[in-house]
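As a plain string of letters, each chain reads:
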Amino acid sequence: MIRTLVVDDDFRVAGIHAARVARVDGFECVGQVYSAAAAREAIERLNPDLLLLDVHLPDEDGISMLRSLQASGTDVDCIIITASQDLATVKSAMTSGAVYYLVKPFSFDRLRTQLEAYRNWRQELDSASTADQATIDGLYNARSAGVRTTAPAPRLQPTMQKALDAVRAAGGPVSAAQIAEQLGVSRPTAQRYLSVLERKGLLALDLTYGSTGRPLNSYTVS
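Being a predicted model, the structure only gives us computed values, none of them experimental. (Residues numbered from 1 in each chain as written. Predicted model: local features only at pLDDT ≥ 70, side-chain atom pairs only at ≥ 80, totals over all residues. Heavy atoms only, no water.)

## Quick notes on the overall build of the protein chain
Step number 1: The helix and strand tally for the protein chain stands at nine helices and seven strands.
Step number 2: Oriented by its inertia axes, the alpha-carbon framework of the protein chain measures out at about 60 × 40 × 35 Å.
Step number 3: For the protein chain, the proportion of its 222 residues judged to be buried stands at 41%.
Step number 4: Taking contacts inside the protein chain between residues at least 6 apart in sequence as the whole, the part at least 24 apart equals 60%.
Step number 5: Just so you have it, the protein chain exposes about 12100 Å², and 51% of that area is on carbon and sulfur atoms. (Helix = DSSP H or I, 4+ residues; strand = E, 2+ residues; numbered from the N terminus. Buried < 20%, exposed > 50% of the residue type's maximum accessible area, 1.4 Å probe, protein only. Contact = heavy atoms within 4.5 Å. Areas by Shrake-Rupley, 256 points an atom, 1.4 Å probe, with all protein chains shown as cover.)

Written as structure tokens, this is what we have:
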């Protein structure tokens, strides 16, 4: 099992990432932490193989932390997970040793694809017996095997786009009633938009059961 530590300043987002990691074969989430200091302590205590590391942490820049881990010889790989899309941050992540860079929000399928590519790369690295050019090329190709050209995002009706943005901003399961209140529309209208977004694969339906035993629909980013 590839022991994975999630580092994100938002505990709700960290929980979503941790749950998704646990769904990928060959991975286990050994912890969730919300600051660089807590991450350093957890790395020493839990000895993870892989970090899912946010850039914007309350006490230290995530990439700076990654650089210091590399400089100290800490044997841990890292996938950066961040909303930052500026090229300077991407370049810093690459030169600091991150094996990949995922822009939030990303779907479960996107995360799973990259984790599987990382798992295959580790397996090939562990089984390699030589370091000739063919082996080296294969290792580099294996690490990037999860990269695919992303299809353009579908164009959505403006209010439907606002509904999708509201679910993304919530960082966790949110109901149609909550979305209706935020957007100033009726609950049936919000429910209709959310149902369409689910059918498009942009949202995932989450069923929970209240005290009456009836299922309550809530939605998260898929």
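## Some points on the sheet that holds strand 2 (residues 27–33)
Step number 1: Taken in spatial order, the five strands line up as 2-1-3-4-5 in an open sheet, and their pairing is parallel. With one partner strand each, in any of the chains shown, strand 2 and strand 5 (100–103) form the two edges of the open sheet. Adjacent strand axes in the sheet meet at a mean angle of 20°, parallel and antiparallel pairs treated alike.
Step number 2: Inspection of the sheet shows strand 4 (residues 77–82) paired to strand 5 by four bridges, in the parallel sense. Note on strand 5: the bridge partner recorded for Ile81 is Leu102.
Step number 3: Against the sheet, helix 1 (residues 11–22) touches strand 1 (2–7), strand 2, strand 3 (50–53) and strand 4, its axis set at about 170° to strand 2.
Step number 4: Sheet strands touched by helix 2 (residues 36–46): strand 1, strand 2 and strand 3. Its angle to strand 1, the strand with the most contacts, is close to 165°. (Pairing = 2+ DSSP bridges. Axes fitted to C-alpha atoms, helices over the stretch in contact; angles between N-to-C directions.)

## Some words on the packing of aromatic side chains
Step number 1: Inspection of every chain in the model, using the stated rule, returns one aromatic pair.
Step number 2: A centroid spacing of 5.7 Å and a plane angle of 40° characterise the contact between Tyr118 and Trp121, whose relative ring orientation is tilted. A residue pair is termed a helical-turn pair when its members lie 3 or 4 positions apart in one helix, as Tyr118 and Trp121 do in helix 5 (residues 108–127) at three residues. In this pair, the class of Tyr118 matches that of Trp121, namely buried. (Phe/Tyr/Trp six-rings, centres within 6.5 Å; stacked < 30°, edge-to-face > 60°.)

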